[in-house]
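The chain contents come next:
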Protein chains: 2
Amino acid sequence: MYRTHTCGELRATHLNQQVTLSGWVQKSRELGGMTFVDVRDRYGITQLVFDLSKNAELAQLARDLGREYVISVSGKVIERQSKNSKMPTGDIEILVSYLTILNKSEVPPFTIEDNSDGGDELRMKYRYLDLRRNPLQKSMELRHNMGIEVRNFLHKEGFFEIETPYLIKSTPEGARDFVVPSRMNANQFYALPQSPQTFKQLLMVAGYDRYFQIVRCFRDEDLRADRQPEFTQIDCEMAFVERDDILNTFEKMTKHLFKTVKNLEFEYEFPKMAYDDAMTFYGSDKPDIRFDMKFVEITHLAKGKGFVVFDSAAYVAGIVATGCAGYSRKETDQLTEFVKKPQIGAKGMVYVKYETDGTFKSSVDKFFDADALKSWANAMEAKPGDLLLILSGDKTQTQKALCELRLEMGERLGLRNKNKFAPLWVVDFPLLEWNEEAHRFFAMHHPFTSPKPEDMDKFDTNPGAIKANAYDLVINGVEIGGGSIRIHDRELQAKMFNALGFTTEEAEDQFGFLLNAFRYGAPPHGGVAFGFDRLVSLFAGFDSIRDVIAFPKNNSGRDVMIDSPSAIANTQLEELFLTLKKPQNLK
Amino acid sequence: MYRTHTCGELRATHLNQQVTLSGWVQKSRELGGMTFVDVRDRYGITQLVFDLSKNAELAQLARDLGREYVISVSGKVIERQSKNSKMPTGDIEILVSYLTILNKSEVPPFTIEDNSDGGDELRMKYRYLDLRRNPLQKSMELRHNMGIEVRNFLHKEGFFEIETPYLIKSTPEGARDFVVPSRMNANQFYALPQSPQTFKQLLMVAGYDRYFQIVRCFRDEDLRADRQPEFTQIDCEMAFVERDDILNTFEKMTKHLFKTVKNLEFEYEFPKMAYDDAMTFYGSDKPDIRFDMKFVEITHLAKGKGFVVFDSAAYVAGIVATGCAGYSRKETDQLTEFVKKPQIGAKGMVYVKYETDGTFKSSVDKFFDADALKSWANAMEAKPGDLLLILSGDKTQTQKALCELRLEMGERLGLRNKNKFAPLWVVDFPLLEWNEEAHRFFAMHHPFTSPKPEDMDKFDTNPGAIKANAYDLVINGVEIGGGSIRIHDRELQAKMFNALGFTTEEAEDQFGFLLNAFRYGAPPHGGVAFGFDRLVSLFAGFDSIRDVIAFPKNNSGRDVMIDSPSAIANTQLEELFLTLKKPQNLK
């Protein structure tokens, strides 16, 4: 038997018991004739003590233990001389009478401590050692617990978890698919699902009423910081529902998670904000509403005073940085540099200091007198002591830049506390987005999203103005989930494909099975999908989803630990009827 | 609002309430001026009634409803004239005052009844209609409930569910991999996991102590009746355990499932049978022990009496069919035909009828007198009235054929009751299997399985005789789960790869990450994986796992509903640096 207890279990109540523990050597130290060894497992750390004067051979064996050796010990639980109130096992230690080394360890390439000294690449290569660190163990435990809570909540609400296939069919609409060549069907390919969208809709057609699945999804995209080629969704669908039935169900689920996992109660209904308002006041469809600092447009006040920057701008708007009138030249310069960064793209920034004595000092004093500045301050509801930050130019670009400036100011003012959570439903998204390059509309959400009933007639007159019956759950500026009421009518679905530039044949070829299913009694239905990785990392307070994924891939889509992807054998290629083509830029 | 209640909810206690229901038209019938419509959803069926004399327009609309139309109705709950005690809602009906058609339906290609009239191909093509049938809805509900119970049980036992990657690395050992070409890493491929084996072992190295995952696995094999290219495992691993720790934990889990899902209690410990005994007494490593009928070898009694069939056989053995001495010539002929089928492969069968009067009648009376036959009957513990069925030949082939004959007799005698469950642990499997074609040993379980400590020295002398610390859970002759104590020592793992004919370079190239991980303190560990599809179909009483998978593939690995796999666009092939090769046998 390897253990009677875990390394996190023993307390003063166990004094004088004979116990056996197994685990990893966290560290050891010597003090006179005594050797103290901390042994660690998933459950905690327990101090072992060896007395050279009592058992020299055993104590010598203990002295030779290296970090991360796997050991098993037996001994008596005794009271600790110097108690450690920070450790749950800090009242006791084990006076060891038997020690065996189960496995040795070489010196790890980085230490297994909360703050490791390994760089990112090294930590990825030795992920099995990185995963020994306490923050990652806590993160995996949190993820597990959130999965359990999601499942039990949805089970109680009458949802069935139903597994949908991973080997499906490639469709050109949407992001790029990963494909899987078929050996039994020569020259044909499966695709890995970007989401189980059509399958969950078919389950509604099949009468399952309430479906969910915690499911892996795949997208072959060029990876940005917070993207992974495979990621996990909480995927849900309900039949015979209207929008608010879905929002209520999943608001309840979100509150359940906050309550059970973080012990946070939300006694209010999550606010709902129209997409248009989110863009007008925050320049983003995922506003961080932990703090206010709404955009105020002052185009009408700012133009026509001879300041060519404003006069040539389609849009002038600003935000109020409360209590920041005292910012130094260096600080305002930093902000100007910030907005001029290429990824933000503003040409410059105008600031107005509304001094505590009621006077104004601005970067555009030459063009605007105190009355003019006062009118801005009034429009923006600024008070003496506040700093006004103003951007101008093309409306969309300026809103985007102002959004970044607002988040930066929120950060500087400490308004983006990771322990505060501000959920928000963003609703009434546009149905279609015009793509200049492809010269056609694309679905903003996906091609199965229902338009709002009152906008049906705009398909022929002004498709770009149609609002979708779609919604996102945004928490702290992160899009956590999104969904929509779906189209369940064959004619409307055909109209939608037509608006997206599909010929009837293309629609039939790619989605014929869904259009066919709609012939046989499809119920009204809708759903939502949550990004599980993002939700866990939000709850964990991590910035990257990598820290909540056991074995993530790097930015090139590589798993550097197992060295994948890799070459495969020629016999495999032959069986799959494939030949490799050398890329141009490789030798 | 689409409904106030589901179609399975209303009872006599709801009388006189105004309600709204939505669902599918199951069937309708007319009786005088009354129209009765059964409306169905996942939760049940409710009878609607329309009275032509009271509301002619509404009744006419109801008369025009077709099967599978999706409707929403409002009305009053009234007492039913002729109650139906077989239906939970059979005491009531709805006197409808409002009816709307949410979606029409064409006539489905087969009826949505418990026993459908659709053939297999048609049912697969219209799987969303097949899934409306009650047996499949019950099957999906059972699967969901079993998933919930597995997760909650393992959660309480301290296991974490940890997601492992689906895009991993191809390894030639084992079955054939599905591969996924990488766009970002030209000419390289990911593989889809056949199981998360190495990842769960790395999680043990990483200190997670108890891991599980309900996870999809992939094997590109030529499909047999009960195989799917993607299937689901309950995958588990534990650290600091010996074999019986694992068996105890998962026996407890299995009992928990029987108790919570089928309300069956097992008050005894599951029996354990050595692999050698399973082969000796049942000719199979997955014996169906719902009935006894063990093999009895009578080689020593049967040889040397001038019967050339036996005299030339290495092995003569039989089973006793209790009470079957009265079998007709036709019946014994049928059994002879059965064992001579090519897939069973016996050359013939000898029978001995032990008549109720104590005399013997056999197909080999010419060679064996009553005393000889009596000695067989004694050895086989047969009683008057029993039938002895005897096969002979090469030992392994004969055992295999006798196993099939035993199962056939069990079937004929009604000993394989689907509502009786007989679990069994088969233990002490051989570690290695000699493959004549490849002229080398293969791992019987997989290359990470630990040999039994007492057999360690046989690596150099007699590798084929090494027993593995491996085990299978068999229920009713179906292998439900299997696992082993793993190798956790780098040297032993290298020895194992060597026994499998890997060069050091090959081992390093394919499993270097695991061998490396063993350098840094790998704990003793072991685990098990259950075939979730098989477990559910066993519980559901289905013969095929297809009936417990929402969207299965056919025997060619095709999803005929979505028509996958399929051709992909040339641009996709180009991005992946691939060209297609025409197979020889295609034009």
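Just so you know, the residues in each chain are numbered from 1, in the order the chain's sequence is written. As they are written, the chains are lettered A onward and the ligands numbered 1 onward, keeping that order. In keeping with the predicted nature of the model, local features appear solely for residues at pLDDT of at least 70, side-chain atom pairs appear and are counted solely at 80 or more, and the whole-chain, interface and lining totals rest on all residues. Calculated side-chain values reflect all of the structure's heavy atoms, with hydrogen atoms and water omitted.

Student: How would you sum up the overall build of chain A? Please name residues and give values.
Tutor: In terms of regular secondary structure, chain A is built from 17 helices and 23 strands. Across the 587 residues that make up chain A, the buried fraction comes to 57%. Long-range pairs, those at least 24 residues apart, make up 66% of the contacts in chain A with a sequence separation of at least 6. Accessible surface for chain A amounts to roughly 24500 Å². Of this, 47% is attributable to carbon and sulfur atoms. The averaged location of the 84 negative side-chain charges in chain A is 4 Å from the averaged location of its 75 positive side-chain charges. Runs of E in the DSSP output that reach at least two residues are strands. Runs of H or I that reach at least four are helices, and both are numbered from the N terminus. Here's how the labels work: a residue is buried when its accessible area is under 20% of the maximum for its type, exposed when over 50%, partly exposed in between, all with a 1.4 Å probe on protein chains only. Contact between two residues is taken to exist if any of their heavy atoms lie within 4.5 Å; hydrogens are not considered. Throughout, the Shrake-Rupley method with a 1.4 Å probe supplies accessible areas, and for residues the shown protein chains are the sole cover considered. Counted as positive: Lys and Arg. Counted as negative: Asp and Glu, with His and the chain ends omitted from the count. One atom stands in for each charge, and that atom is NZ of Lys, CZ of Arg, CG of Asp or CD of Glu.

Student: Before we move on, can you summarise the nonpolar core with the specific residues and values?
Tutor: Tyr208 of chain A together with Tyr128 of chain B are the most contacted members of the largest nonpolar core, which has 62 residues in total. Per-element accounting of this core gives the leading share, 6 residues, to helix H15 (residues 504-517) of chain A. Each residue touching Tyr128 of chain B, except ones within four places of it in the same chain, is listed here: Leu202, Val205, Ala206, Phe513, Asn516, Ala517 and Tyr520 of chain A together with Met561 of chain B. Nonpolar cores were defined as sets of buried Ala, Val, Leu, Ile, Met, Phe, Trp, Tyr and Cys residues, with membership established by side-chain atoms within 4.5 Å.

Student: With reference to specific residues and values, describe the relation of the copies chain A and chain B.
Tutor: Superposing the two chain copies requires a rotation about an axis and a translation along that axis. The two copies are related by a screw operation: chain A maps onto chain B through 180° of rotation and 0.0 Å of translation along the axis, at an RMSD of 0.0 Å. Both copies of the chain, as the preceding transformation shows, are related through a two-fold rotation axis. The atoms used to superpose the copies are C-alpha atoms, taken from residues with pLDDT of at least 70 in both, and the fit is least squares.

Student: Hey, could you go over the packing of helix H4 (residues 134-156) of chain A against helix H6 (residues 243-262) of chain A for me, with residue numbers and the actual values?
Tutor: All names here are of chain A. One can describe the packing of H4 onto H6 by two numbers: an axis separation of 10 Å at closest approach and a directional angle of 140°. In this view, H4 runs oblique relative to H6, as classed from their interaxial angle. Classified by chirality, the crossing of H6 by H4 is right-handed. Contact residues: H4 offers Leu142, Met146, Glu149, Val150, Phe153 and Leu154, while H6 offers Thr249, Phe250, Lys252, Met253, His256, Leu257, Thr260 and Val261. Amino acid classes used here: Ala, Val, Leu, Ile, Met, Phe, Trp, Tyr, Cys and Pro are nonpolar; Asp, Glu, Lys and Arg are charged; the rest, including Gly, are polar. Here the contact of H4 with H6 is composed, by residue class, of 9 nonpolar, 3 polar and 2 charged. A fitted line through C-alpha atoms serves as each axis, taken over the contacting stretch for helices, and the angle formed by two N-to-C directions is quoted from 0 to 180°. For this classification, under 35 degrees means roughly parallel, over 145 means roughly antiparallel, 65 to 115 means roughly perpendicular, and everything else is oblique. Note on convention: near helix rotated counterclockwise from far helix by under a right angle means a left-handed crossing. Clockwise means right-handed.

Student: Describe the side chain of Asp455 of chain B, naming the residues involved and giving the relevant values.
Tutor: All names here are of chain B. By the secondary structure assignment, Asp455 is in the loop between strand S19 (440-443) and helix H13 (458-461). Residue class for Asp455 comes out buried when judged on its relative accessible area of 6%. Setting aside its immediate chain neighbours within four residues, Asp455 contacts Ala465, Ile466 and Lys467.

Student: Let's hear about the sheet that holds strand S20 (residues 470-475) of chain A: which residues, and what values?
Tutor: All names here are of chain A. The 8 strands lie next to each other as S6-S9-S10-S22-S21-S20-S17-S11, forming an open sheet whose pairing is mixed. A strand with exactly one partner marks an edge of an open sheet, and here the two such strands are strand S6 (160-161) and strand S11 (272-274). Two strands form a pair only when DSSP identifies at least two bridges running between them. As judged from the 5 bridges shared by strand S21 (residues 478-485) and strand S22 (residues 525-531), these two strands associate in the antiparallel manner. Across the sheet, residue Ile485 finds its bridge partner in S22, namely Gly526. Across the sheet, H6 touches strand S10 (230-239), S11, strand S17 (423-427), S20, S21 and S22, and the angle it forms with S22 is around 30°.

Student: Break down the domain arrangement of chain A for me, with residues and values.
Tutor: Domains are outlined according to an automatic or database domain assignment. Taken domain by domain, chain A holds domain 1 (12-103), domain 2 (291-412) and domain 3 (423-526). Inter-centroid distance (C-alpha atoms) of domain 2 of chain A to domain 3 of chain A is 38 Å.

Student: Please give an account of the environment of Lys495 of chain B that cites residues and values.
Tutor: Residue and element names in this part refer to chain B. As for its placement among the helices and strands, Lys495 is situated in helix H14 (residues 490-499). According to the relative accessible area criterion, Lys495 is partly exposed, its value standing at 37%. Remark: the alpha-carbon pair of Lys495 and Met380, spanning 115 residues in sequence, is separated by 44 Å.

Student: Could you give me a rundown of the interface of chain A and chain B, with the residues and numbers involved?
Tutor: At the interface, 129 residues of chain A touch 129 residues of chain B. Note on terms: buried area is the combined drop in 1.4 Å-probe accessible area of two parts once they are placed together, counting the loss on both. Between chain A and chain B, a total of about 11700 Å² is buried, with carbon and sulfur atoms accounting for 57% of that surface. Of all residues in chain A, the largest losses of buried area upon contact with chain B belong to Arg42, Phe240 and Tyr520 of chain A, amounting jointly to 7% of the total for that side. Under this definition, polar contacts are N or O atom pairs within 3.5 Å; protein pairs additionally need one hydrogen-donor-capable and one acceptor-capable atom, and for neighbouring residues in sequence, both atoms have to be side-chain atoms. At the surface where chain A touches chain B, the tally comes to 76 residue pairs in polar contact (both at pLDDT 80 or more). At 11 residues, the largest contribution of residues to the side of chain A that touches chain B is made by H4 of chain A. Split into classes, the residues belonging to the side of chain A that touches chain B amount to 68 nonpolar, 29 polar and 32 charged. With 3 bridges joining them, strand S23 (residues 578-580) of chain A and strand S23 (residues 578-580) of chain B adopt antiparallel strand pairing. Directly across from Thr579 of chain A, in S23 of chain B, lies its bridge partner Thr579 of chain B.

Student: Tell me what's going on with the pattern of salt bridges, and back it up with residues and numbers.
Tutor: When a carboxyl oxygen of Asp or Glu is within 4 Å of a side-chain nitrogen of Lys or Arg, the pair counts as a salt bridge. Scanning all chains against the criterion turns up 88 salt bridges over all chains. Arg176 of chain A is the salt-bridge partner of Glu575 of chain B, the closest N and O atoms lying 2.8 Å from each other. Taken as a pair, Glu575 of chain B in helix H17 (residues 570-575) and Arg176 of chain A in the loop between S6 and strand S7 (179-181) lie in two separate chains rather than in one. Among the ionic contacts, a cluster of salt bridges with common partners joins Arg143, Arg216, Glu230, Asp533 and Lys553 of chain A together with Glu163 of chain B.

Student: How would you explain the pairing of strand S9 (residues 210-218) of chain A if you had to name every residue and give the values?
Tutor: For a regular strand, side chains alternate in direction, first toward one face of the sheet and then toward the other. Residues and elements named next belong to chain A. S9 sits mainly inside the fold: 9 of its 9 residues count as buried. Both S6 and S9 contribute to a ladder of 2 bridges, which runs parallel. Among the inter-strand pairings, Phe160 is bridged to a residue of S9, identified as Tyr211. Here S9 runs beside S10; their pairing, made up of 9 bridges, is antiparallel. Within the sheet, the bridge partner assigned to Arg210 lies in S10 and is Met238.

Student: Which residues make up the sheet that holds strand S2 (residues 34-41) of chain B, and what values do they have?
Tutor: Whenever strands of a sheet pair, they do so through backbone hydrogen bonds, lying parallel or antiparallel. Residues and elements named next belong to chain B. The strand order around the closed barrel built from 5 strands is S1-S2-S3-S5-S4, with neighbouring strands paired in mixed fashion. Mean inter-strand twist for the sheet, computed between neighbouring axes without regard to direction, equals 55°. As judged from the 7 bridges shared by strand S1 (residues 18-31) and strand S4 (residues 70-79), these two strands associate in the antiparallel manner. The residue bridging Leu21 from the neighbouring strand is Val73, located in S4.

Student: Report on the packing of aromatic side chains, specifying residues and quantitative values.
Tutor: Residue and element names in this part refer to chain A. Any two of the Phe, Tyr and Trp rings considered here, Trp counted by its six-membered ring, make a pair once their centres fall within 6.5 Å; the pair's planes then place it as stacked at under 30 degrees, edge-to-face at over 60, or tilted in between. Throughout the structure, instances matching the rule amount to 61 aromatic pairs over all chains. On the basis of an interplanar angle of 50° and a centroid distance of 5.9 Å, the ring pair of Phe310 and Trp376 is categorised as tilted. In this pair, Phe310 is assigned in helix H9 (residues 308-311) and Trp376 in helix H11 (residues 370-379), connecting sequence segments 66 residues apart. The buried category is assigned to Phe310, whose relative accessible area is 0%. Between Trp434 and Phe441 the ring centres are 4.9 Å apart and the planes differ by 80°, which places this aromatic pair in the edge-to-face class. Joined through ring pairs, the aromatic side chains of Phe258, Phe266, Tyr268, Phe270, Phe421 and Phe539 make up one cluster. The positively charged end of Arg440 is found above the aromatic ring belonging to Phe442, 3.8 Å away from the centroid. The rule for a charge over a ring is simple: NZ of Lys or CZ of Arg within 6 Å of the ring centre, and within 35 degrees of the ring normal.

Student: Could you give me a rundown of the side chain of Arg151 of chain B, with the residues and numbers involved?
Tutor: The residue Arg151 of chain B is located in helix H4 (residues 134-156) in this model. With a relative accessible area of 7%, Arg151 of chain B lands in the buried category. Here the side chain of Arg151 of chain B touches Glu161 of chain B through a polar contact of 2.7 Å, side chain to side chain. Leaving out residues up to four positions away in the same chain, Arg151 of chain B has contacts with Ile148, Arg151 and Glu161 of chain A together with Glu161, Phe212 and Ile214 of chain B.

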